[in-house]
Amino acid sequence: KLKDDFGDDIGLLARMLPNICLLSPECSRLSVGVDDGNTCTSDKMNPRSVSFTLLRFVRLVSSPKHPIMLFLDDLQWADDAALDMVRTFLSDTMGSCMLFVGTYRDNEV
């Protein structure tokens, strides 16, 4: 199912969520020894691809009956790419069922 939904991006998903390979054995085979910029062997990831792939995963695993919660602590230390990812999640109108909780300490900035 994951391979069908993510296609070539399954390697990027495996790099971000390594335990996903336990659920989907084809993920392990696709991500080992291949360096196409989207797999587990590449050192760099495009922030837009990361955001889009994670959002697709959230849409796949969440539902009104089974929402997920994302908790991020210490957002005062988040870089622009991380904040863009949070914006992407919060502005999704395509059906992800997620509760986002973030903490920010204004005395540590």
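Scroll up a little and you will see the structure.
Analysis parameters
- Residues numbered from 1 in each chain as written.
- Predicted model: local features only at pLDDT ≥ 70, side-chain atom pairs only at ≥ 80, totals over all residues.
- Heavy atoms only, no water.
- Axes fitted to C-alpha atoms, helices over the stretch in contact; angles between N-to-C directions.
- Helix = DSSP H or I, 4+ residues; strand = E, 2+ residues; numbered from the N terminus.
- Left-handed = near helix turned anticlockwise from the far one by under 90°.
- Contact = heavy atoms within 4.5 Å.
- Nonpolar A, V, L, I, M, F, W, Y, C, P; charged D, E, K, R; others polar.
- Buried < 20%, exposed > 50% of the residue type's maximum accessible area, 1.4 Å probe, protein only.
- Core = buried A, V, L, I, M, F, W, Y, C linked by side-chain atoms within 4.5 Å.

1. A short note on the packing of helix 5 (residues 47–61) against helix 6 (residues 80–90)
Okay, step 1: Where helix 5 meets helix 6, the closest approach of the two axes is 10 Å, and the angle between their N-to-C directions is 35°. For the element pair helix 5 and helix 6, the recorded crossing hand is right-handed. Between helix 5 and helix 6, the residues in contact are Pro47, Val50, Ser51, Leu54, Leu55 and Val58 and Ala81, Met85, Thr88 and Phe89, respectively.
Okay, step 2: Here the residues of the contact of helix 5 with helix 6 are counted per class, giving 8 nonpolar, 2 polar and no charged.

2. Remarks on the side chain of Ser96
Okay, step 1: Turning to its location among the elements, Ser96 is positioned in the loop between helix 6 and strand 2 (98–102).
Okay, step 2: What makes Ser96 buried here is its relative accessible area of 19%.
Okay, step 3: Ser96 has contacts with Leu55, Val58, Arg59 and Ser62, leaving out every residue within four places of it along the chain.

3. Some points on the nonpolar core
Okay, step 1: Counting 16 residues, the largest nonpolar core has Leu13 and Ile20 as the members making the most contacts within it.
Okay, step 2: Taken together, the elements giving at least two residues each to this core come down to helix 1 (2–6), helix 2 (10–16), helix 3 (20–23), helix 5 and helix 6.
Okay, step 3: In contact with Leu13, not counting residues within four places along its chain, are Leu2, Phe6, Ile20, Thr53 and Phe57.

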